[in-house]
Amino acid sequence: MAEYGADRILTLDTTGLGMLCGRGVADTLSDAIAQQPPYAVLFAATADGRDLAARIAARQRLGLTGDAIDLEINDAGQLVQLKPALGGNVVAPILSKTLPNLVTLRPGVLTPAAPEPGATAPVETIAPSPAAGSDATMVSEHLSEEHGALELTAAEVVVGLGMGVTEEGVPAAQQMAAAIGASIATTRNVVHSGWLPHHIQVGISGRTIAPQVYLAVGIRGAFNHTVGIQKAGVILAINRNHRAAIFRAADYGIVGDWNEYLPPLVEAIGPVLAEHGLA
Ligand SMILES: Cc1cc2nc3c(=O)[nH]c(=O)nc-3n(C[C@H](O)[C@H](O)[C@H](O)COP(=O)(O)OP(=O)(O)OC[C@H]3O[C@@H](n4cnc5c(N)ncnc54)[C@H](O)[C@@H]3O)c2cc1C
């Protein structure tokens, strides 16, 4: 972490707090923040991050911006938190009225700082606050694995499948994606149709991803989807409607039927991806 700019690192060992320890971790972090208030506290907009941020905001009576998609510092040195609003039609800048700024951010939206090799920072262990303990008593345990969710967040090449692919087309498109080592993402409408699982949905109510290459296949390109690929490097799109909004987000577009154009496209970009170490 020091290599990425941390001046001081605090660690908290949660092993003694039980499996559900949001309350205990929030108490401890809240105390640490109150003792030496930082300028801002950033949480990942994940289930745990949202839980912690909300608890800390309530304990400290601070404002909280949820699910920001980007951050900026304005001329007055304030942290501007950018958040989709009005159904995703505008991106609203939000300024906190309280300090420290508290914000949850979609994972993958910030560009990592260039590491400074060899940088060091003191590492301190903080003890759980005295009241900390498990939030619940475990009665029984059932683990459900979200296959592909983590893989998608870290993927360098992603193929997004939209309604235009059709349910029958999904297996063939998945195979073509696998041939170039790409992970699969999808739209909410595909998820609602039951063709692919929710944990690979990208967009305002799904994940945010930042692959080097995003290939949108049969995806209209609604803002609710493209907000999740804003940090993608190169975006290629295949859509048979030349007016499709995805072409406004894409760097390269093919107007036509994906059945006809995806196979040669995959064949052509496979070696290019391999050359760049992406396949
Ligand atoms: C509150 C809210 C939250 C939402 N959250 C999300 C979200 O997180 N993620 C998300 O994705 N959406 C989300 N949506 C839905 C979003 O607004 C769009 O409706 C959705 O993204 C459209 O999905 P689609 O592009 O797969 O389907 P469609 O809109 O049906 O588009 C299909 C596209 O495929 C093209 N096509 C058809 N046949 C072919 C073919 N043979 N070859 C090539 N192209 C073809 C068509 O021209 C069309 O452009 C949300 C909506 C709301 C209201």
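Rules used in this analysis
- The residue numbering used here restarts from 1 in each chain and proceeds along that chain's sequence as written.
- Where totals are concerned, whole chains, interfaces and linings use all residues; where local detail is concerned, this predicted model gives features only for residues with pLDDT of at least 70, and gives and counts side-chain atom pairs only at 80 or more.
- Here the side-chain values reflect all heavy atoms present in the structure, with hydrogen atoms and water set aside.
- Interaxial angles span 0 to 180 degrees and are taken between N-to-C directions of axes, which are lines fitted to C-alpha atoms, for helices over the stretch in contact.
- To qualify as a helix, a DSSP run of H or I must reach at least 4 residues; to qualify as a strand, a run of E must reach at least 2; elements of each kind are numbered from the N terminus.
- These descriptions rest on fixed angle ranges, namely under 35 degrees for roughly parallel, over 145 for roughly antiparallel, 65 to 115 for roughly perpendicular, and the rest for oblique.
- Crossing handedness follows the turn of the near helix against the far one: under a right angle anticlockwise gives a left-handed crossing, and clockwise gives a right-handed one.
- The contact rule is simple, with two residues in contact once any of their heavy atoms fall within 4.5 Å.
- One heavy atom within 4 Å of a molecule or strand makes the whole residue count as near it.
- Distance and chemistry together define a polar contact, namely a pair of N or O atoms within 3.5 Å, with one atom able to donate a hydrogen and the other to accept it when in protein, and with adjacent residues in sequence counting only for side-chain atoms on both sides.
- Using a 1.4 Å probe, the Shrake-Rupley method yields the accessible areas, and only the shown protein chains count as cover for residues.
- Pairing between two strands is assigned when DSSP locates at least 2 bridges connecting them.
- Residue ranges assigned to each domain were obtained from an automatic or database domain assignment.
- Accessible area that two parts lose when put together, evaluated with a 1.4 Å probe and summed over both, is termed the buried area.
- Definition used for salt bridges: Asp or Glu carboxyl oxygen within 4 Å of a side-chain nitrogen of Lys or Arg.
- Residues forming no salt bridge and having over 30% relative accessible area are the ones grouped into patches, like charges within 9 Å of each other and nonpolar side chains (Val, Leu, Ile, Met, Phe, Trp, Tyr) within 5 Å.
- Here the expected span of a helix is defined as 1.5 Å times the quantity of residues minus one.
- Values of bend correspond, residue by residue, to the angle between axes fitted over the seven residues ending at that residue and the seven starting there.
- Each residue gets one of three labels from its accessible area relative to the maximum for its type: buried under 20%, exposed over 50%, partly exposed in between, using a 1.4 Å probe on protein chains only.
- When the strands point away from the viewer and the path from the first strand over the helix to the second turns clockwise, the crossover is right-handed.

Section: the packing of helix H1 (residues 22-35) against helix H2 (residues 47-60)
Right, so step 1: Their axes nearest at 9 Å, the elements H1 and H2 cross at an angle of 55 degrees. When the axis of H1 is compared with that of H2, the two are oblique. The crossing of H1 and H2 is right-handed. Contacts between H1 and H2 pair Gly22, Arg23, Val25, Ala26, Asp27, Leu29, Ser30, Ile33 and Ala34 from the former with Asp51, Leu52, Arg55, Ile56, Arg59 and Gln60 from the latter.

Description of the site of the ligand
Right, so step 1: Taken together, 24 residues are adjacent to the ligand, and Thr187, Gln201, Ser205, Arg220 and Asn239 come closest.
Right, so step 2: Measuring from an oxygen atom of the ligand, one finds a backbone N or O atom of methionine 163 at 2.8 Å.
Right, so step 3: A distance of 3.0 Å separates an oxygen atom of the ligand from a polar backbone atom of glycine 218.
Right, so step 4: Relative to its free-state accessible area of 1000 Å², the ligand is covered by the protein chains to the extent of 78%.
Right, so step 5: At the level of elements, helix H5 (188-192) and helix H6 (223-226) are the ones that each hand at least two residues to the shell around the ligand.

A few points about the sheet that holds strand E3 (residues 65-68)
Hydrogen bonds between backbone atoms are what pair the strands of a sheet, whose relative direction is either parallel or antiparallel.
Right, so step 1: Pairing is parallel in the open sheet, where 3 strands are placed in the order E2-E7-E3. The open sheet terminates on both sides in strands that have one partner only, identified here as strand E2 (40-44) and E3. On average, each strand axis in the sheet is inclined to that of its neighbour by 25 degrees, with strand direction left out of account.
Right, so step 2: As defined by bridge partners, E3 adjoins strand E7 (residues 101-105) across 2 bridges and the pair is classed as parallel.

Observations concerning unusual backbone geometry
Generally, phi is negative for residues other than glycine and the peptide bonds are trans, each holding for most cases.
Right, so step 1: Residue proline 100 is reached from leucine 99 by a cis peptide bond, and omega for that bond is 0 degrees.
Right, so step 2: Here arginine 61, not a glycine, exhibits a phi torsion of approximately 55 degrees, which is positive.
Right, so step 3: Relative to the elements of secondary structure, arginine 61 occurs in the loop between H2 and E3.
Right, so step 4: Phi at aspartate 67 takes a positive value of approximately 60 degrees, unusual for a residue other than glycine.
Right, so step 5: For aspartate 67, the position within the fold is in strand E3.

Some words on the domain arrangement of the protein chain
Right, so step 1: Examined at the domain level, the protein chain breaks down into domain 1 (2-126) and domain 2 (149-275).
Right, so step 2: Its C-alpha centre places domain 1 at a distance of 30 Å from the equivalent point of domain 2.
Right, so step 3: Residue-level contacts link 12 residues of domain 1 with 12 residues of domain 2.
Right, so step 4: Roughly 840 Å² of surface becomes buried between domain 1 and domain 2 when both sides are summed, with 50% attributable to carbon and sulfur atoms.
Right, so step 5: Our count for the domain 1 to domain 2 interface comes out at 1 salt bridge.
Right, so step 6: Where lysine 231 meets aspartate 70, a salt bridge forms, and the shortest distance between an N and an O atom there is 3.6 Å.
Right, so step 7: The interface formed by domain 1 and domain 2 holds 5 residue pairs in polar contact (both at pLDDT 80 or more) in total.

A look at a nonpolar patch on the surface
Right, so step 1: A cluster of nonpolar side chains, namely Met19, Leu20 and Met138, defines an oily patch on the protein surface of about 340 Å² accessible area.
Right, so step 2: By the element assignment, methionine 138 lies in the loop between strand E8 (123-126) and helix H3 (149-154).

Digging into helix H8 (residues 258-275)
Right, so step 1: The end-to-end C-alpha distance of H8, which contains 18 residues, comes to 25 Å, matching closely the 26 Å that a straight helix rising 1.5 Å per residue would cover.
Right, so step 2: The largest bend in H8 is about 30 degrees, located at isoleucine 269, with the proline proline 271 one to four residues further on.
Right, so step 3: For H8, the secondary structure elements touched by its buried residues are strand E9 (157-161), helix H4 (170-179), strand E11 (213-217), strand E12 (234-239) and strand E13 (252-255).
Right, so step 4: Structurally, the start of H8 carries an N-cap: the backbone nitrogen of asparagine 259 is 2.9 Å from a side-chain oxygen of aspartate 257.

Observations concerning the pairing of strand E10 (residues 183-186)
Right, so step 1: A two-sided burial pattern is seen for E10, the buried positions comprising Ser183 and Ala185 on one face and Ile184 and Thr186 on the other.
Right, so step 2: Note that the unit made of E9, H4 and E10 has a crossover that is right-handed.

Here we look at the environment of glycine 63
Right, so step 1: When you line up the elements, glycine 63 lands in the loop between H2 and E3.
Right, so step 2: Taking the C-alpha atoms as reference points, glycine 63 and leucine 102, separated by 39 residues in sequence, lie 6.6 Å from one another.
Right, so step 3: The residues touching glycine 63, leaving out its near neighbours within four places in the chain, are Thr98 and Leu102.

Focus on the sheet that holds E11
Right, so step 1: One open sheet accounts for 5 strands, arranged E10-E9-E11-E12-E13; its pairing is parallel. Each edge of the open sheet is held by one strand with a lone partner, namely E10 and E13. Pairs of neighbouring strands in the sheet enclose a mean axial angle of 20 degrees, with direction left out of account.
Right, so step 2: With 4 bridges connecting them, E12 and E13 associate as parallel partners. Directly across from alanine 237, in E13, lies its bridge partner glycine 253.

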